[in-house]
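Observations on chain architecture
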Amino acid sequence: MRNHTHYSAHSPSFFNFAYAWREIAATLRGSGNLIKEFVKLDLMAQFKKTVLGNSWLVITPVLNLAIWLIMRRSGVFAPGATDIPYPAYLLLSLSLWTFFIGFFETLGGSITAAAPIITQVKISYEIIVAQKVLVNLANFVVPFLLSLAVILIYGVELHWASLLFPLTLVPLVLFGTLLGMLFAIVEVVAHDLFILFRRSLKLFMYLTPIVYSNKTDSALLQTIMGWNPLTYLIVLPRDVLVRGQFTDLETYLWVSGGMVVAFLLMAQFLFFSWPKMLEKVM
Amino acid sequence: MRQDPTQDLPALRVEGVGKKFCKNLKWSLFYGSMDLLKGARATERDNQHLRKFEFWAVKDLNFELRKGEVLGILGPNGAGKTTLMKLISGIYPLNQGTIDINGRLVQIFAKSTGMHRIYTGRENVFMKGAMHGMSQAQVEAEMDFVIRFSELEEFIDSPLGSYSSGMKSRLGFAIMLATRPDILIIDEALAVGDVAFREKCFAELKRITPHTAIISISHHIDHIANVCNRVIVMDQGRVALDTPDVGLGIDTYLNLSMAAGKAKKKDKEKADGPACELLELAIAAPGLPGAVVEHGGPMRVAAELRLQPPARAAQIELGFLDAFQKKVATSLHALELDGTARLEALFDRVDFSPGFYTLSFQVRDAETGKSLTPGPSFRKFEVTGTTKAKVALLLRPTWTRGEP
């Protein structure tokens, strides 16, 4: 806890990067215990009222897997050629997609959800962002390990480059967090837009090579995938894990760089606009 | 030996603080969105001037608070007390001025905020401690104090959902104390647990006062009179009075409340025709200074009235309010009023238990029951005595002892 606190009507310029990031770093450094308690509470509370508890972390991807396998076997749906057996490919892809939209799901409504606390006690938004990101990372562990087990059962060989998989996920985490922060603001000031985006999420999944291969024959899908930044942020980590290959590395790096810049700007915008956001939820 | 450079600094400094709100929800959203688009900060002009539908909730506030001071903030509803506390707590952004805080600030109005039903009492101590910036080691070091102070030894490992509201309040208050705050904000009269626990809280507050700056917001004048050594009276978002004379502060607050009531009735008075004006109202007891009376002793209430013609049958209504502003006794007197009159009511024996009370004085038309005065007028008085009681009336009958 800092010994001296100063509040002023004259806030620093939005372009004062050094000030914003010094404050954000100081807040995160001084709030480790609070973030830990918040994460613990979220993990405890999320399945508290269910009989199956944390088993839902396994049940959800398995159910999704079953649906797509049935559709494929019945001939309704042709995913195209995949480098590894389709069930393993699908399970891993769905885990990555669930991981990505998890940021939107947890951060999107986070300002309104935290209103009872943040309107009574001063809590910086970066603490809530850190909490939600960590909860989402923790929730990813179980479905990821399940995917990994299925991949190994199907006899897919991992490579040394597969160890880089967590690192290649960083841009996806930044994009998810950025989207979550953006829609946390939208949810407060333009709730309709938030609902519209939430209902459109499924569409984004179909525009990304999740349930089908990125080697699909459809020219239209190839064009859409080419313009969809998520394609690169999901395909490369997936290929690094199962094939040890850096697919379309150059585009991945450009998209990742863009995500880093966009994330920094978004976090900075939220840092400066947080007091105004607070007024709106009171 | 090196001196702590922060030792001479005030615990809290409020300088030129102003905060405005918008009365209209749609315009409020519009201004909020505009401010966000302007680079997440309002311009100087937006901060200094009121835009359409905006009003100042607090304006031009200046004061300092040092450790050892217990500041009571009084004011009628809408005076800006809660807004000021939220500004000091850093929850609302300022539109004008600066606030400097030296040390850890804890608000007791948020004593149950952040506590969760699914957590045990002990887990909630960790959660609340973390919310107030304590490390895990600090919380562990204070755990025994919290359990002992909240008197929850048997229940500390039970889920909070099984606690009564009193138990939750006790736990919340104990956690607040365990944070060892430098500045403590208490909203409303420590409605914590039962009477015995409240007494314990007051004793603890007195114990920590020398090394803590305390702000108490309350309509409970007994609490303000007993605990505070300084009073700020707020009215319409501004400081109307800042004084170490707590009695004067309470009187000013009561008069402001009275004036607010009068203003509401003003138009009605005009429509109702001639009114009765209270020129003077005083409470006295022989041999005692000011508005102080002794338990069991006499009390005199003097009033001077001027009634606009015509003469009429009237009823004087004296009400007695306890420290919670709850009416505990009344006295009615019928008389004919004509022009100016000086009246005295003599009470041979005051049976109120020692503490602070408020006298309300009102004149009604005996036939219609309508108030002839613009609402009641108030005077605070103190009843002194050695015997403490938890209720307003402390009766002392004559006891005799017969043979069995």
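Residue numbers here run from 1 along each chain, matching the order of that chain's written sequence. Written order decides the labels, with chains lettered from A and ligands numbered from 1. The model is predicted, so local features are restricted to residues of pLDDT at least 70 and side-chain atom pairs to those at 80 or more, both for listing and for counting; the totals for chains, interfaces and linings are taken over all residues.

This paragraph deals with the overall build of chain A. Scanning chain A from N- to C-terminus turns up 13 helices and one strand. Each helix is a run of DSSP H or I of at least 4 residues and each strand a run of E of at least 2, with the numbering of both proceeding from the N terminus. Along the chain direction, N to C, the helices and strands of chain A fall in the order β-α-α-α-α-α-α-α-α-α-α-α-α-α. This radius of gyration counts C-alpha atoms alone. The globule rule is 2.2 Å times how many residues there are, raised to the power 0.38. Relative to the compact-globule value of 19 Å for 282 residues, chain A shows a C-alpha radius of gyration of 20 Å, a close match. A buried classification covers 37% of the 282 residues belonging to chain A. Across chain A, contacts joining residues at least 24 apart in sequence account for 79% of those joining residues at least 6 apart. Residues are called buried when their C-beta atom has 20 or more other C-beta atoms within 10 Å, exposed when it has 12 or fewer, and partly exposed otherwise; all C-beta atoms are positioned from the backbone. The contact rule is simple: place each C-beta atom from the backbone, and if two of them lie within 7 Å, those residues are in contact.

Right, let's talk about the pairing of strand β4 (residues 96-102) of chain B for a bit. Looking along a regular strand, one sees side chains alternate from face to face of the sheet. With respect to burial, β4 of chain B is a largely interior element, five of its seven residues being buried. As paired strands, strand β1 (residues 4-8) of chain A and β4 of chain B are joined by five bridges and run antiparallel to one another. Bridging across to β4 of chain B, T5 of chain A finds its partner in I101 of chain B. Only strands that DSSP links by at least two bridges are regarded as paired with each other. Direction of pairing for strand β1 (residues 12-22) of chain B relative to β4 of chain B: antiparallel, over a ladder of five bridges. Across the sheet, residue V14 of chain B finds its bridge partner in β4 of chain B, namely I99 of chain B.

Turning to the interface of chain B and chain A, a few remarks are in order. The interface of chain B with chain A comprises 38 residues on the first partner and 33 residues on the second. Of all the secondary structure elements, the ones that give two or more residues to the side of chain B that touches chain A are α1 (25-37), β4 and α4 (121-131) of chain B. Considering every element that reaches the side of chain B that touches chain A, the biggest residue donor is β4 of chain B, with seven residues. In the scheme used here, Gly and all other residues not listed as nonpolar or charged are polar, with Ala, Val, Leu, Ile, Met, Phe, Trp, Tyr, Cys and Pro taken as nonpolar and Asp, Glu, Lys and Arg as charged. Classifying every residue of the side of chain B that touches chain A by side-chain character gives 15 nonpolar, 19 polar and four charged.

Here the focus is the nonpolar core. Structurally, a nonpolar core is described as a collection of buried Ala, Val, Leu, Ile, Met, Phe, Trp, Tyr and Cys residues joined by way of C-beta atoms within 7 Å. Ranked by internal contacts, the top residues of the largest apolar core, which has 165 residues, are L12, L71, I99, A174, I214, I224 and V231 of chain B. For this core, the element with the most residues is helix α4 (residues 86-108) of chain A, which contributes 14 residues. How far each domain reaches was decided by an automatic or database domain assignment. Formed jointly, this core draws a minimum of three residues from each of two domains, domain 1 (12-103 + 182-248) and domain 2 (273-384) of chain B. Those residues in contact with I99 of chain B that lie beyond four places of it in its chain are Y7 of chain A together with V14, V17, L87, I88 and L94 of chain B.

Turning our attention to helix α12 (residues 229-243) of chain A. Residues and elements named next belong to chain A. Take the number of residues in a helix, subtract one, and multiply by 1.5 Å to get its expected span. Between its terminal C-alpha atoms α12 stretches 21 Å, which fits the 21 Å expected from 15 residues at 1.5 Å a residue. Counting buried positions along α12 gives 13 out of 15 residues, so the element sits mostly inside the fold. Backbone geometry just downstream of α12 places G244 in the positive-phi region, at approximately 70°.

Let's shift gears to the domain arrangement of chain B. Residues and elements named next belong to chain B. The domains assigned to chain B are domain 1 (12-103 + 182-248) and domain 2 (273-384). Measuring from the centre of the C-alpha atoms in domain 1 to the corresponding centre in domain 2 gives 34 Å. Each partner contributes residues to the interface: domain 1 has five residues there, and domain 2 has six residues. Grouping the constituent residues of the side of domain 1 that touches domain 2 by class yields two nonpolar, two polar and one charged.

Two strands in a sheet stick together by hydrogen bonds in their backbones, pointing the same way (parallel) or opposite ways (antiparallel). Residues and elements named next belong to chain B. Pairing in this open sheet of six strands is mixed, and the strands run β5-β6-β7-β3-β8-β9 from one edge to the other. Each having just a single partner strand, β5 (105-107) and β9 (238-243) make up the two edges of the open sheet. On average, each strand axis in the sheet is tilted by 20° relative to the strand beside it, whichever way the strands run. Across four bridges, the pairing between strand β3 (residues 70-74) and strand β8 (residues 230-235) is parallel. Counted as the bridge partner of G72 is V231 from β8. Orientation is described by lines fitted to C-alpha atoms, with helices fitted over the stretch in contact, and by angles between N-to-C directions that extend from 0 to 180 degrees.

Another point: the environment of F14 of chain A. Positionally, F14 of chain A belongs in the loop between β1 and α1 (17-30). A sequence separation of 259 residues divides F14 of chain A from S273 of chain A, and the C-alpha atoms of the two residues are 9.4 Å apart.

Turning our attention to the packing of helix α7 (residues 125-153) of chain A against helix α9 (residues 170-189) of chain A. All names here are of chain A. Relative to each other, α7 and α9 sit at 130°, their axes nearing to 11 Å. Between α7 and α9, the crossing angle belongs to the class labelled oblique. As for how α7 packs across α9, the hand of that crossing is right-handed. Residues V129, K132 and V133 of α7 form the contact with α9, whose participating residues are V173, T177, G180 and M181. In what follows, roughly perpendicular refers to angles from 65 to 115 degrees, roughly parallel to angles under 35, roughly antiparallel to angles over 145, and oblique to any angle outside these ranges. Definitions for this section: a left-handed crossing has its near helix turned counterclockwise from the far helix by less than a right angle. A right-handed crossing has that turn clockwise.

In this section: unusual backbone geometry. Positive phi, close to 50°, is recorded for D248 of chain A, a residue that is not glycine. For D248 of chain A, the position within the fold is in the loop between α12 and α13 (249-281). In this structure D248 of chain A comes out as partly exposed when scored by C-beta crowding, with 17 C-beta atoms within 10 Å. The backbone phi angle of E151 of chain B is positive, close to 60°, even though this residue is not glycine. Among the secondary structure elements, E151 of chain B is positioned in the loop between α5 (136-150) and α6 (165-178).

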